[in-house]
Amino acid sequence: MNDIAASYRLLPGAPESPVILHVPHSSRAIPADVRRGIVLDDAALERELDHITDSHTARIAAAAALRCSATPWRFVNELSRLVVDPERFPDEREEMLAAGMGAVYTRTTRRAVLRPDGFDARPLLDRYFHPYAAAMTEAVAERLDAVGRAVVIDVHSYPAEPLPYELHGEGPRPPVCLGTDGYHTPQDLRALAGKAFAGFGGTGVNSPFEGAYVPLEYYGQDPRVSALMVEIRRDVYMREPGGPAGPGLDALAGALAELVDAVGRVGAVGSA
């Protein structure tokens, strides 16, 4: 297996399932040649990974998939977001460029230098970002061909206290934040998620993070593709930063499975 194919996995689900659980930020893995382009020493890099990684979210998605009546598909990033962040726009549309965190990060969560000024991001985009995007696009296309719709549910986490890189960190930080898109997140999908995650102390919408991932080929173009981002506050299920998971992980997996099953039952979702 080459390094491009090894950078992500598509784990098959039930043929009839429209759901793709997308896990983009769970890994800490950085290839050795990519590591050489990062200026942090090893100790500082480990601290940064503690803060930037959505730890254990791949485990939450995997545990949820085992509980679903129709197994969802899972698309899992096998590399750290410090290699590339597959959920960013690869151009000037990305607002996180202002914090040095476009598709290829040049600054850390504390806005320190991660890669030197003038770093050429194009090789990393060509090697990792674009193949990942193409594979995710293909996964969505396959669900559309098979069942006539695709529902991408992003599985993320975020720290209990805001970090300096956050552009909108002053707002509420609920136990579960639901990120939505005006075109691709129907009201009934948001309502199903609110019900599924109601038992964790409350849900919020688009604070402190907003939006939901849709491959660019479909973004703003195809209403058959629905999307929702599930952002879990890390103290709900783990010890921060970068520590082990606790019993909250199992409960969250159950809630995510409830959401996936509900999406499967309702059929085609309504308009946003």
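Up top is the structure these notes are about.
The structure presented is a predicted model; accordingly, all values stated were derived computationally and were not measured.

## Focus: the packing of helix α4 (residues 57–67) against helix α7 (residues 248–266)
Part 1 of the argument: Two numbers describe how α4 lies on α7: the axes approach to 8 Å, and their chain directions differ by 55°. When the axes of α4 and α7 are compared, the pair comes out oblique. The element α4 and its partner α7 pack so that their crossing is right-handed. Facing α4, whose interface residues are R59, I60, A61, A63, A64 and R67, α7 presents L249, D250, L252, A253, G254, L256, A257 and D261.

## Some details on the side chain of S7
Part 1 of the argument: Turning to its location among the elements, S7 is positioned in the loop between α1 (3–6) and β1 (8–11).
Part 2 of the argument: When near neighbours in sequence (up to four residues on either side) are disregarded, S7 contacts V76, N77, E78, L79 and Y128.

## Side note on the pairing of strand β5 (residues 176–179)
On a regular strand, one side chain projects to one face of the sheet and the next to the other, so that they alternate.
Part 1 of the argument: Along β5, one buried face is formed by V176 and L178 and the opposite face, lined by C177 and G179, is buried too.
Part 2 of the argument: Taken together, the three bridges between β5 and strand β6 (residues 203–205) define a ladder with parallel strand orientation. Paired with C177 across the two strands is G204, which belongs to β6.
Part 3 of the argument: Assessed by its sense of winding, the connection that carries the chain from β5 through helix α6 (residues 187–196) to β6 is right-handed.

## Brief notes about the packing of aromatic side chains
Part 1 of the argument: Enumeration according to the criterion identifies six aromatic pairs in this entry.
Part 2 of the argument: Measuring from centroid to centroid gives 5.0 Å for F75 and Y132, while their planes differ by 75°, and the two rings are edge-to-face. One end of the pair, F75, is in strand β3 (residues 73–77); the other, Y132, is in helix α5 (residues 122–147), with 57 residues separating them in the sequence.
Part 3 of the argument: Judged by relative accessible area, which is 3%, Y132 ranks as buried.
Part 4 of the argument: Taken together, a centroid distance of 6.0 Å and an interplanar angle of 70° make the contact between Y158 and F209 edge-to-face.

## Re the environment of L97
Part 1 of the argument: Mapping L97 onto the fold places it in the loop between β3 and α5.
Part 2 of the argument: A sequence separation of 129 residues divides L97 from S226, and the C-alpha atoms of the two residues are 26 Å apart.
Part 3 of the argument: Not counting residues up to four positions away in its chain, the partners in contact with L97 are D91, E92 and G102.

## Description of the nonpolar core
Part 1 of the argument: If you look at the biggest cluster of nonpolar residues, it comprises 32 residues, and the most contacted ones within it are I153, F197, V230, L256 and L259.
Part 2 of the argument: For this core, the secondary structure elements donating two or more residues are β2 (19–23), α4, β4 (150–158), β5, α6, β7 (225–233) and α7.
Part 3 of the argument: Leave out the neighbours within four places in its chain, and V230 touches I153, D154, V155, H156, V176, C177, L178 and F197.
Part 4 of the argument: Ranked by size, the runner-up nonpolar core spans 29 residues in total, among them I52, L82, L114 and Y165.

## Quick word on the pattern of salt bridges
Part 1 of the argument: Per the stated rule, a full pass over the model turns up 16 salt bridges.
Part 2 of the argument: Put simply, D54, R81, D85, R88 and R234 are held in one network by salt bridges that share partners.

## Things to note about the packing of α6 against α7
Part 1 of the argument: Where α6 contacts α7, the axes come no closer than 9 Å and their chain directions differ by 145°. As for the relative orientation of α6 and α7, their crossing is right-handed in sense. Of the residues in α7, those touching α6 at L189, L192, A193, K195 and A196 are A255, E258, L259, A262, V263 and V266.
Part 2 of the argument: Residue composition of the contact of α6 with α7, by class: nine nonpolar, no polar and two charged.

## Focus: helix α3 (residues 42–52)
Part 1 of the argument: Turning to α3, its buried residues number three or more, namely A44, L45, E48, L49 and I52. For α3, the buried positions fall inside an angular range of 140° around the axis, keeping them on one side.
Part 2 of the argument: Buried residues along α3 sit against α2 (32–35).
Part 3 of the argument: Where α3 begins, the side chain of D41 points an oxygen toward the backbone nitrogen of A43, at a separation of 3.3 Å.

Scoring rules and cut-offs
- Residues numbered from 1 in each chain as written.
- Predicted model: local features only at pLDDT ≥ 70, side-chain atom pairs only at ≥ 80, totals over all residues.
- Heavy atoms only, no water.
- Axes fitted to C-alpha atoms, helices over the stretch in contact; angles between N-to-C directions.
- Helix = DSSP H or I, 4+ residues; strand = E, 2+ residues; numbered from the N terminus.
- Parallel < 35°, antiparallel > 145°, perpendicular 65-115°, else oblique.
- Left-handed = near helix turned anticlockwise from the far one by under 90°.
- Contact = heavy atoms within 4.5 Å.
- Buried < 20%, exposed > 50% of the residue type's maximum accessible area, 1.4 Å probe, protein only.
- Pairing = 2+ DSSP bridges.
- Right-handed = clockwise from strand over helix to strand, strands pointing away.
- Phe/Tyr/Trp six-rings, centres within 6.5 Å; stacked < 30°, edge-to-face > 60°.
- Core = buried A, V, L, I, M, F, W, Y, C linked by side-chain atoms within 4.5 Å.
- Salt bridge = Lys/Arg side-chain N within 4 Å of Asp/Glu carboxyl O.
- Nonpolar A, V, L, I, M, F, W, Y, C, P; charged D, E, K, R; others polar.
- Arc of directions from axis to C-beta.
- Polar contact = N/O pair within 3.5 Å; in protein donor to acceptor, adjacent residues only side chain to side chain.

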